[in-house]
There are 2 protein chains.
Amino acid sequence: MAYTESWSGKINRKLIKKLHIIDVAAGREKADLVLKNATFVNVFSGELDTCDIAVAEGLIVGLGTYQGREEVDMTGKIVCPGFIDAHIHLESSLVSPAEFARAVIPHGTTTVITDPHEITNVMGTDGIDYMIAATEELPVDVRFMIPSCVPASPMDESGSNLDYRDIDSFFEHPRVQGLAEMMNFPGILSADSATVAKIVASQAHHKKIDGHAPGLRGNDLNAYIAAGVYSDHECADVEDAMAKLKLGQFIMIREGTAAKNLEALMPLIRSEKYFDRCMFCTDDKHPSDLLEKGHIDYICREAVAMGADPIRTVQVACLHAARYFLLNNRGAIAPGYLADFAVVEDLKDFHVVTVYKKGRRVYHDGTVEPFPLPQIPEHLEKRAHDTFHLPVLSAADFANSRPRGVIGMVSGQIITSDEGYAGGVDIQGDILKMAVIERHKNTRHIGIGYLKGYGLKSGAVATSVAHDSHNIICVGAEDADMAFAANRIAQNHGGIVVVRDGQVLAELPLEIAGLMSEKPLREVNDLLENAKLAAYSLGVGKDIDPFMTLSFMSLPVIPTLRLTTRGVIDVNTQQYI
Amino acid sequence: MAYTESWSGKINRKLIKKLHIIDVAAGREKADLVLKNATFVNVFSGELDTCDIAVAEGLIVGLGTYQGREEVDMTGKIVCPGFIDAHIHLESSLVSPAEFARAVIPHGTTTVITDPHEITNVMGTDGIDYMIAATEELPVDVRFMIPSCVPASPMDESGSNLDYRDIDSFFEHPRVQGLAEMMNFPGILSADSATVAKIVASQAHHKKIDGHAPGLRGNDLNAYIAAGVYSDHECADVEDAMAKLKLGQFIMIREGTAAKNLEALMPLIRSEKYFDRCMFCTDDKHPSDLLEKGHIDYICREAVAMGADPIRTVQVACLHAARYFLLNNRGAIAPGYLADFAVVEDLKDFHVVTVYKKGRRVYHDGTVEPFPLPQIPEHLEKRAHDTFHLPVLSAADFANSRPRGVIGMVSGQIITSDEGYAGGVDIQGDILKMAVIERHKNTRHIGIGYLKGYGLKSGAVATSVAHDSHNIICVGAEDADMAFAANRIAQNHGGIVVVRDGQVLAELPLEIAGLMSEKPLREVNDLLENAKLAAYSLGVGKDIDPFMTLSFMSLPVIPTLRLTTRGVIDVNTQQYI
């Protein structure tokens, strides 16, 4: 067995570092790093201060006049605490955690709180363990909220089912902050034991519990909050946010790829009374969005452009999330805090020029410093790359002789409409066949339905990014192409494909759990954009994101009709039709 | 062995309560208690709101319209969250913790953070255990910071010496919040291992560490804060407070019996930028002060009278201390928070009419509801009442044939002056003999010196409240009376006596560790005031508190001269003179 440190040994090890920190702070020893003449955002006084920032042992040790073994002049720049994303599903970037880190570091992000909801639906607790392993010692500190709702619905056939004991088993991990968004607010409101037990277990470990309850009000909101839900990131307007804030919840202002609430929630940031219970999050960030817009720096830029006070904006971007998550040594520039810095040119554009993580420069002037890739245990690596368990399919598997519900796409929205029944594909009427193929447990369940409004004229499109269970969703004009597309995805261990006449027109393999690629973000983005073009070339409407829109078609918690592995379901009645 | 609950059992037990809370909050079941038509301070929105406040299982479960098994109309009153004292030495009240609770409940205090520094100097870790046991289930929630500096100085002969392992052993206790005021800032600044290890151990348990460093500045302050000290309650002016606040410390605004900083620090409360890092504390509250002025309610009243915004004042009095100490379910009126209420007539006088603790009415209209006294383990009870270990003394023990240093009292201040040497008592010249008698370990150490400015003309005064080691301090005109006074204190197991010609003129026994009485506060106060009158009748100057002033004469960390069990010491040089 590996050597296990004694408690005394741990204290003594930390003591050596602490004595060094004191010696440096007192000016008796040189700092590891000094940011000279640094103008920085003091989140405690709400001012810009200018002095030297001394760093030792990865921590800020002093603000004043210091000498360092390395000194970097900061004249003309502004040093912010590293930015924090309070809630993201890291899988939404479609790249590995290491590649995600490489993508967000240039934007000054030094901490993200991720909810590995997607991979957990595929791999269960192994998904959480995989993500924890895959984020060890990354230059971005990745913290975890444990998924609270796997599967999202009992109607779903996911790869796993997490009860409170599964969740409980993660709370001793030093990078686990709590229980992720409790989407199952009906379960809480109806006092469902299995659901509430997850909150109770989290509280028993003194952990945070995030919420997800758009528009909840009155005594239902009281009950949801009294149950122990401390935050919400689903507020689309100020009224919703204020109702929750007044009852004690912290508000995560979300501005991501799919949902954008910043503009609507600007009054919270503008108010001196409310902003200190607000933080920023993205929820989902797709590759092109990360590449083109940025991350928390982008939200800061937008907020200031909309009239927010720049220093208050930095407080929202750093300090408040840190305090909410009890990450009490980050989010500020002061002695004892992590030396996480986002150095920007000004507090208007928030253009990040240099980033430090724990006193180490991890980004400068367009270049991310190389960092070692985390070692992922072999069994988890193997498991993550072997998540497709289904037989080889043929056109016969997609044959259909019954009337099936027609799911209508609604332009620009995630909800769907009920378009009656169809007995087969009707290209003229824009009615395509859709299938959801169970791929976790070899059950051979294939749900068949019809989709209206997608625009495809020939071939098929398929994706294994299929919320929340991430089975294979396939839409096609021909049964043979649908079978070909699904088989191709299984061969690739996941991803997105566009096919016609037994030929792959474009594809993006997502070999990690069928959700993420090992490739660099830019390459993934190129493949994805290429696949979109291929889908458009087959007739998919230009106003549609061919894959993201599709990925929500199997989520049986959003009205009106959805398709699961068991058929078309009316979400409002929870009845198969 | 007693039955130990399994983890599953714990979760299931809490789950039952939580399901009930949800049912009440949702309006399906009646609340245990409803405060009807309650106008309350919403510390999150900074407004007064009016609605019903529903309580179940000791928690607030809903704000809205509710029915309860008990309903109390709150029309015309204002409901505040229960007040929090962020730092007090509970022993300073001279009464038992239960009596202390009885004294502060009528003032709306529902949580105090105590540092049992005094009793720990006498009894070591047993003192901490005694105080924890003596505060179990009191109607005021007593939380602990573990003393960091016992003894206060190596020059002191105290009853114990706490190293980091002693301190570390308390951090798993659910009512222990951290490490108490780190007064030994020179030890931190010089990177003394034994001192710094106490901070390291506290941090390893993710605990708070309070500070005590009046006037520290520059890189010394950087070093002190970088070491891990998160707050300060010794700021006597705004400059000091701002220097610390800007470096990330939380500021405890102290207004107690001995030190009063509220007026000087009012700008912090007046500023919207700084007040959210401020809280109130008293540090020390003597009996008459508790009886005549009040507690945190008094500080609120004074603050508002000096121009503070009333709602902001309540935030400082409740929410900010709760958040600092990570007591995240108190300090506010919102679902999930403890049903701790201080019901006041208005936000000007803060006259408290009713107090609830965890939903139970504990005070109303002049009457504290009866509560069960905590059961203190027999061995601790016995140990606390047997802390005097010294021989019976005679006049010969106080004889002196050498010149000894003369300690000069400075009117209205805690510092002393160096008044040269004396060879004997000189009543005309107001020079009295003073002795500090070691009383913990039967060492027979008796330090002899002289005191100028006390005014005593005959007899002797003695006290076992003698900071910080709480040996017996005795001042007298006659050796025989000094011996008689010291013996009397030992017989009483501690306290204060005023004697003349072998007769007790007045006395206050403090039989708990020589520091606290079992008697009710009012009775203790009467005895104390009576003893003061007796001391004045013997000539003690009316501008002097005869016992409090004396109690600091043995504290060898405050300039200039002090008397320890080993003689008169020059604090500045740390040399015996």
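Scoring rules and cut-offs
- Residues numbered from 1 in each chain as written.
- Chains lettered and ligands numbered in written order.
- Predicted model: local features only at pLDDT ≥ 70, side-chain atom pairs only at ≥ 80, totals over all residues.
- Heavy atoms only, no water.
- Contact = heavy atoms within 4.5 Å.
- Buried area = accessible area lost by both parts, 1.4 Å probe.
- Salt bridge = Lys/Arg side-chain N within 4 Å of Asp/Glu carboxyl O.
- Polar contact = N/O pair within 3.5 Å; in protein donor to acceptor, adjacent residues only side chain to side chain.
- Helix = DSSP H or I, 4+ residues; strand = E, 2+ residues; numbered from the N terminus.
- Nonpolar A, V, L, I, M, F, W, Y, C, P; charged D, E, K, R; others polar.
- pLDDT = per-residue confidence, 0-100.
- Pairing = 2+ DSSP bridges.
- Axes fitted to C-alpha atoms, helices over the stretch in contact; angles between N-to-C directions.
- Core = buried A, V, L, I, M, F, W, Y, C linked by side-chain atoms within 4.5 Å.
- Buried < 20%, exposed > 50% of the residue type's maximum accessible area, 1.4 Å probe, protein only.
- Least-squares fit on C-alpha atoms with pLDDT ≥ 70 in both.
- Parallel < 35°, antiparallel > 145°, perpendicular 65-115°, else oblique.
- Left-handed = near helix turned anticlockwise from the far one by under 90°.

1. Points about the interface of chain A and chain B
By a widely used convention, the size of an interface equals the accessible area lost when the partners come together. Listed per partner, the contact involves 69 residues of chain A and 69 residues of chain B. Surface buried jointly by chain A and chain B totals about 5,300 Å² across both partners, of which 56% is contributed by carbon and sulfur atoms. Considering only the surface of chain A that becomes buried against chain B, A:Phe44, A:Lys246 and A:Arg323 emerge as the three largest contributors, covering 12% of it. Viewed at the interface, chain B and chain A are joined by four salt bridges. Measuring nitrogen to oxygen at the nearest pair gives 3.3 Å for the salt bridge that ties B:Lys246 to A:Glu47. Summed over the shared surface of chain A and chain B, the number is 22 residue pairs in polar contact (both at pLDDT 80 or more). Examining the composition of the side of chain A that touches chain B, we find that twelve residues originate from one element, helix α1 (residues 7–25) of chain A, more than from any other. When its residues are assigned to classes, the side of chain A that touches chain B shows 35 nonpolar, 17 polar and 17 charged.

2. Re the confidence of the model for chain A
Considering every residue of chain A, the mean pLDDT works out to 97; 100% of them sit at 70 or more. For this predicted complex, the interface confidence reaches an ipTM of 0.95, while the overall pTM sits at 0.96.

3. A closer look at the sheet that holds strand β23 (residues 472–476) of chain A
The strands making up a sheet associate through hydrogen bonds between their backbones, and the pairing can be parallel or antiparallel. All names here are of chain A. Taken in spatial order, the eight strands line up as β19-β18-β21-β20-β23-β22-β24-β25 in an open sheet, and their pairing is mixed. On the outer flanks of this sheet lie β19 (416–422) and β25 (503–509), each paired with one strand and no other. The sheet shows a mean angle of 25° between the axes of neighbouring strands, direction not considered. Across four bridges, the pairing between strand β22 (residues 460–463) and strand β24 (residues 495–500) is antiparallel.

4. Points about the sheet that holds strand β10 (residues 208–211) of chain B
All names here are of chain B. The strand order β6-β7-β8-β9-β10 describes an open sheet built from five strands, whose pairing is parallel. Of all strands in the sheet, those with a lone pairing partner are β6 (83–88) and β10, marking the two edges. Pairwise comparison of adjacent strand axes, ignoring direction, gives a mean angle of 25° for this sheet. Note: β6 against strand β7 (residues 109–114), four bridges, orientation parallel. In the sheet register, Asp85 faces β7, and the bridge partner there is Val112.

5. Some details on unusual backbone geometry
The omega torsion of the bond from A:His467 to A:Asp468 falls at -15°, within 30 degrees of zero and hence cis. With respect to the helices and strands, A:Asp468 occurs in the loop between β22 and β23. Geometrically, the link from B:Pro559 to B:Thr560 is a cis peptide bond, its omega value of 5° lying close to zero. The residue B:Thr560 is located in the loop between α18 (548–551) and β26 (561–564) in this model. With a phi angle near 60°, A:His493 is a residue other than glycine that sits in the positive phi range. Locating A:His493 in the fold gives a position in the loop between α16 (479–491) and β24. In the Ramachandran plot, B:Gln574 falls in the positive-phi region, its phi being about 55° despite a non-glycine side chain. Within the secondary structure, B:Gln574 sits in the loop between β27 (567–570) and β28 (575–576).

6. Some words on the nonpolar core
A general feature of soluble globular proteins is that nonpolar side chains tend to end up buried together. A:Phe280, A:Phe341, A:Tyr454, B:Phe280, B:Phe341 and B:Tyr454 are the most contacted members of the largest nonpolar core, which has 358 residues in total. If you look at the next biggest cluster of nonpolar residues, it comprises 19 residues, including A:Ala460, A:Ala462, A:Val497 and A:Val499.

7. Looking at the relation of the copies chain A and chain B
Between the two copies of this chain, the relationship is a rotation about some axis together with a displacement along it. For the match of chain A to chain B, the screw axis carries a shift of 0.0 Å, the RMSD comes to 0.1 Å, and the turn is 180°. The relationship between the two copies is best expressed as a two-fold rotation axis. The rotation axis passes nearest to the C-alpha of A:Glu272 in chain A, at a distance of 3.8 Å. The share of interface residues of chain A whose copies in chain B are also at the interface is 100%, consistent with both copies meeting through the same surface.

8. A closer look at the side chain of A:Glu99
Residues and elements named next belong to chain A. Within the fold, Glu99 resides in helix α2 (residues 97–104). A relative accessible area of 10% places Glu99 in the buried class. Ignoring sequence-local partners within four residues, the contact set of Glu99 consists of Glu518, Lys519, Pro520 and Leu521.

9. Things to note about the pairing of strand β15 (residues 352–357) of chain A
All names here are of chain A. The element β15 is largely enclosed, with a buried count of six among its six residues. Where β15 meets strand β16 (residues 360–364), four bridges bridge the pair, whose relative direction is antiparallel. Looking at the pairing, Tyr356 lines up with Arg361 of β16. In sequence, β15 turns back onto β16 through a hairpin of two residues, with Lys358 there showing a positive phi of about 50°.

10. Quick notes on the packing of helix α12 (residues 296–305) of chain B against helix α13 (residues 310–317) of chain B
Residue and element names in this part refer to chain B. Axis separation between α12 and α13 bottoms out at 10 Å; the angle between their running directions is 150°. On the basis of their axis angle, the class for α12 and α13 is roughly antiparallel. Note on packing geometry: the crossing formed by α12 with α13 is right-handed. Between α12 and α13, the contacting residues are Ile296, Cys300, Ala303 and Val304 on the first element and Pro310, Thr313 and Ala317 on the second.

11. Details of helix α12 (residues 296–305) of chain A
Residues and elements named next belong to chain A. Along α12, seven of the ten residues are buried, which leaves the element largely enclosed by surrounding structure. The complete set of buried residues in α12 reads Ile296, Asp297, Tyr298, Ile299, Cys300, Ala303 and Val304. Buried residues along α12 sit in contact with β6 (83–88), β7 (109–114), α10 (262–270), β13 (278–281), α13 (310–317) and β15. At the C-terminal side of α12, Gly307 shows a positive phi close to 105°.

12. Some details on the side chain of A:Asn487
Residue and element names in this part refer to chain A. By the secondary structure assignment, Asn487 is in helix α16. By relative accessible area, which is 14% here, Asn487 ends up buried. Residues in contact with Asn487, not counting those within four places in the same chain, are Pro391, Val392 and Leu393.

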